[in-house]
Amino acid sequence: MEIIIQENEEQAAKLAAREIRALLLKKPAAVLGLATGSSPVGVYRELIRYHREEGLSFGQATSFNLDEYLGLPPGHPASYATFMQEQLFREIDLPAEGINIPSCAPSEVEVFCEAYDARIAAAGGIDLQILGIGHDGHIGFNEPSSSLGSRTRIKTLTAETRRANARFFSSEDEVPPHVVTMGIANIMEAREIILLAFGRGKAAAIAAAVEGPITASCPASMLQFHRRVKVFIDEEAAGALQRQDYYRWVYEHKPGWQRA
Ligand code: F6R
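Right, let's walk through the structure included here.

1. So, the side chain of Ser63
If you trace the backbone, Ser63 turns up in strand E3 (residues 62-65). Once residues lying within four places of it in the same chain are set aside, the contact partners of Ser63 are Leu32, Leu34, Phe89, Leu94, Gly98, Ile99 and Asn100.

2. Here we look at the environment of Leu56
Here Leu56 is to be found in the loop between helix H2 (41-54) and E3. In this structure the C-alpha to C-alpha distance between Leu56 and Pro74, which are 18 residues apart in sequence, comes to 27 Å.

3. So, the site of the ligand
Near the ligand lie 14 residues; those nearest to it are Ser39, Asp67, His138, Gly140 and Lys202. The separation between an oxygen atom of the ligand and a polar side-chain atom of Thr36 is 2.7 Å. Between the ligand and the protein, one listed contact pairs an oxygen atom with a side-chain N or O atom of Lys202 at 2.6 Å. Contact with the protein chains covers 94% of the free accessible surface of the ligand, which is 410 Å². Classifying every residue of the shell around the ligand by side-chain character gives 3 nonpolar, 8 polar and 3 charged.

4. With respect to the sheet that holds strand E4 (residues 67-69)
With antiparallel pairing, 3 strands are arranged side by side in an open sheet as E4-E8-E7. Here the strands that pair on one side only, and so sit at the sheet edges, are E4 and strand E7 (153-156). Averaged over all adjacent pairs, the angle separating strand axes in this sheet is 30 degrees, with direction ignored. Two strands pair when backbone bridges link them, and E7 and strand E8 (residues 178-181) are joined in this way by 4 bridges, in the antiparallel orientation. Its bridge partner lying in E8, Lys155 is registered against Val179.

5. Quick look at the packing of helix H1 (residues 9-26) against H2
For the pair H1 and H2, interaxial distance at closest approach is 8 Å and the crossing angle is 55 degrees. Viewed along their axes, H1 and H2 adopt a mutual orientation that is oblique. Judged by the sense of rotation from one axis to the other, the crossing of H1 with H2 is right-handed. On H2, the residues touching Ala13, Lys14, Ala16, Ala17, Arg18, Ile20 and Arg21 of H1 are Gly42, Val43, Glu46, Leu47, Tyr50 and Glu54. A per-class count over the contact of H1 with H2 returns 7 nonpolar, 1 polar and 5 charged.

Quick notes on the rules
- In this convention, every chain numbers its residues from 1, walking through the sequence in written order.
- Totals for whole chains, interfaces and linings use all residues, but because this is a predicted model, local features are given only for residues with pLDDT of at least 70 and pairs of side-chain atoms are given and counted only at 80 or more.
- With hydrogens and water excluded, all non-hydrogen atoms of the structure serve as input to the side-chain values.
- Secondary structure elements follow DSSP: runs of H or I no shorter than four residues count as helices, runs of E no shorter than two count as strands, and numbering proceeds from the N terminus.
- Whether two residues are in contact is decided by their heavy atoms, any of which lying within 4.5 Å being enough.
- Whether a residue is near a molecule or strand depends on its heavy atoms: if one lies within 4 Å, it is near.
- Pairs of N or O atoms are called polar contacts if they sit within 3.5 Å, as long as, within protein, a hydrogen donor faces a hydrogen acceptor (for residues adjacent in sequence, only side-chain-to-side-chain pairs).
- Surface exposure here means Shrake-Rupley accessible area, sampled with a 1.4 Å probe, where a residue is shielded only by the protein chains that are shown.
- Residues are grouped as follows: nonpolar covers Ala, Val, Leu, Ile, Met, Phe, Trp, Tyr, Cys and Pro; charged covers Asp, Glu, Lys and Arg; every other residue, Gly included, is treated as polar.
- In short, DSSP must find at least two bridges between two strands for them to pair.
- To define axes, lines are fitted to C-alpha atoms, for helices over the stretch in contact only, and angles between the resulting N-to-C directions are given on a 0 to 180 degree scale.
- An angle below 35 degrees is read as roughly parallel, one above 145 as roughly antiparallel, one from 65 to 115 as roughly perpendicular, and any other as oblique.
- Handedness of each helix crossing follows the sense of rotation of the near helix against the far helix: counterclockwise by less than a right angle gives left-handed, clockwise gives right-handed.

Function cannot be read off these values alone, since they describe shape.
Below, the structure written as structure tokens:
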């Protein structure tokens with residue numbers, strides 16, 4: 001794991017966006033794994049800027065979103081489909097046919113999930129997966145106790161996650177209890193992973209994911225097994241890490257050829 005601690009969210013988001021830009025320049029038909037929530041918003045803003053100012057194109061790319069609430073129609077203001085349109089898709093040239101979001105009717109979940117995994121495989125697998133992390137260590141909507149070998153399926157949100165996400169709805173009761181999410185195994189198959197976390201509220205989850213034991217009680221800890229993970233965090237989210245000084249030293253002394 002490479003732990004990249006930046007002074008603030010904006011700087012960290014800019015560095016993370018540079019990685020995605022580098023991938024798209026090298027491989028225009030890249031397959032991107034995308035996340036919603038607050039953490040990737042700065043990265044998406046920077047990608048939009050690259051698109052507008054430098055002509056960075058997503059025209060040949062494909063995207064797969066991690067998760068979606070079950071039972072919310074795509075046009076619902078709090079759906080992740082709406083979120084992605086507003087925060088990224090409507091501002092760039094990613095073709096509609098290249099966009100994949102795990103949205104289906106509750107009665108079709110099983111068939112849909114199998115087909116979603118098959119679609120990822122048919123696209124050649126995910127080149128770069130963007131992740132946020134929940135306060136309880138979830139990635140995607142793989143809540144604690146999720147199988148570390150899980151694939152796309154239905155999950156039930158914890159009360160804590162529903163509370164955290166109530167800000168996108170008019171009340172906590174409106175947050176759907178069920179979601180469809182890519183599994184930990186899907187995430188682990190991505191060729192590269194970028195994990196983003198900002199603010200004091202994420203410090204404990206980041207410490208558990210990076211320095212804690214590998215356990216289904218903190219699904220993000222599974223990332224310790226991945227060979228190419230970059231963790232972009234601000235000072236506050238880094239606050240509970242024991243080896244902060246080492247991570248900073250490593251980053252400052254990184255050979256030039258290893259930088260994006
Ligand atoms: C969203 C997702 C979740 C979020 C996590 C953190 O697609 O997969 O794992 O990344 O809940 O959310 P924020 O970034 O809003 O703190």
